[in-house]
Amino acid sequence: ALCGAGNNGGDGIAAARLLFLKGLKVRAFLVGDYEKLTPDALEETRRLSECGVELERFDPADESQRAWVLGCDVVIDALFGVGLSRPIGAGTPFAAAVDWMNESRAAVVAADIASGVAADSGKVLGCAVQADASVAFAFAKAGQLLYPGTQNTGKLLVADIGITEASFAGELPEMRLTENE
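In every chain, residue numbers begin from 1 and rise along the written sequence. Two thresholds apply to this predicted model, a pLDDT of at least 70 for residue-level local features and 80 or more for giving and counting side-chain atom pairs, whereas whole-chain, interface and lining totals are computed over all residues. The side-chain values count all of the structure's non-hydrogen atoms but skip hydrogen atoms and water molecules.

### Some details on the nonpolar core
Ranked by size, the top nonpolar core spans 29 residues in total, and within it Leu2, Phe58, Val75, Leu79, Met101 and Val129 carry the most contacts. Strands here mean DSSP runs of E at least two residues long; helices mean DSSP runs of H or I at least four residues long; both are numbered from the N terminus. Mapped onto this core, the elements with two or more residues apiece are α4 (93-103) and β5 (107-111). Among the elements that line this core, the one with the most residues is α4, at six residues. Only heavy atoms matter for contacts: two residues are in contact if any of them lie within 4.5 Å across the pair. Ignoring anything within four residues of it in the chain, the contact list for Leu2 reads Phe29, Val31, Phe58, Val69, Val75, Ile76, Asp77, Ala78, Leu79, Ala97 and Met101. Working definition of a nonpolar core: buried Ala, Val, Leu, Ile, Met, Phe, Trp, Tyr and Cys residues. They are joined through side-chain atoms within 4.5 Å. Relative accessible area decides the class of each residue, using a 1.4 Å probe on protein chains only: under 20% of the type maximum gives buried, over 50% gives exposed, and in between gives partly exposed. Ile13, Val26, Ala41 and Leu55 belong to the second-largest nonpolar core, a separate cluster that totals 16 residues.

This is the structure:
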């Protein structure tokens, strides 16, 4: 799992823990600063550590980390979620993590939305993960349905996490996806 310091990263850390508890061999890398971990991401880091798996600092120059990511069967993209509002800068550790995921033979699964895709417009902000699947939490995001973001989404799965229309306290999203069942 390649994780940012925000809540999306916390989702990736949680996924790594749950996969570990199912018996899979996992590693979780923090792309960013420990000091910037959100409370939720920090809690998930604590829970992962209790299982005996440490959140490792991502190092774009570490060839053993790169080899691990490139050789995985599945990679979790949990760098950025719906709050991304500026481009992923070229030459940054975040861009390196995106490159590694895109180069990997692994199936890449994005937590909520592919990192680098603007959730509201589908615009690619600098560079973006090319996910094989995206697990959108609660609702599909506009950026997963609009070009060019739809090309980075892969198979779109929507996971019910208990958020309902009533949760919006009278302010419903401007866009809504309807499906025939």
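### So, the pairing of strand β4 (residues 74-78)
Of all five residues in β4, four are buried, a share of seventy percent or more. Across two bridges, the pairing between strand β1 (residues 2-3) and β4 is parallel. From the neighbouring strand, Cys3 faces β4, where its bridge partner is Ala78. Sheet topology places β4 next to β5; four bridges connect them, and they run parallel. Of the residues in β5, the one forming a bridge with Asp77 is Ala110. After leaving β4, the chain enters α4 and then returns to the sheet as β5, a path that is right-handed. Strands are labelled as partners when DSSP assigns at least two bridges between them. With the strands pointing away from the viewer, any crossover whose connection runs clockwise from the first strand over the helix to the second is right-handed.

### Re the sheet that holds strand β3 (residues 55-57)
Hydrogen bonding along the main chain pairs the strands of a sheet, whether they run parallel or antiparallel. Across the sheet, seven strands lie side by side as β3-β2-β1-β4-β5-β6-β7; this open sheet has parallel pairing. Sheet topology places β3 and β7 (155-159) at the edges, where each strand pairs with a single neighbour. Of the pairings in the sheet, the one linking β1 to strand β2 (residues 28-30) comprises two bridges and is parallel in character. Considered in β2, the bridge of Leu2 is made with Phe29. To get an axis, fit a line to the C-alpha atoms, keeping to the stretch in contact for a helix; angles then go from 0 to 180 degrees between the N-to-C directions. Against the sheet, helix α3 (residues 63-71) contacts β1, β2, β3 and β4, and its axis sits at roughly 130° relative to β2.

### What about helix α1 (residues 7-21)?
Expected span of a helix: the number of residues minus one, times 1.5 Å. Taking 1.5 Å of rise per residue, 15 residues should cover 21 Å, and α1 covers 21 Å from first to last C-alpha, within 8% of that figure. All of the buried residues in α1 are Asn8, Gly9, Gly10, Gly12, Ile13, Ala14, Ala16 and Arg17. Check the buried side of α1 and you find it contacts β1, β2, α2 (39-50), β3, β4 and β5. Of the residues trailing α1, Gly23 is marked for its positive phi of about 100°.

### A short note on the pattern of salt bridges
Any Lys or Arg side-chain nitrogen located within 4 Å of an Asp or Glu carboxyl oxygen qualifies as a salt bridge. Scanning all chains against the criterion turns up 10 salt bridges. Across the pair Arg66 and Glu103 runs a salt bridge whose closest N-O atoms are separated by 2.4 Å. Highlighted residues: Arg66 in helix α3 and Glu103 in helix α4, separated in sequence by 37 residues. In this structure Glu103 comes out as partly exposed when scored by relative accessible area, which is 46%. A salt bridge links Asp112 to Lys141; the shortest N-O distance between them is 2.8 Å. Of the two residues, Asp112 sits in the loop between β5 and β6 (133-137) while Lys141 sits in the loop between β6 and α5 (142-145), which places them 29 residues apart along the sequence. Take Asp112 and Lys141: they sit in the same class, and that class is buried. Among the ionic contacts, a cluster of salt bridges with common partners joins Arg17, Glu43, Glu44, Arg46, Arg47 and Glu50.

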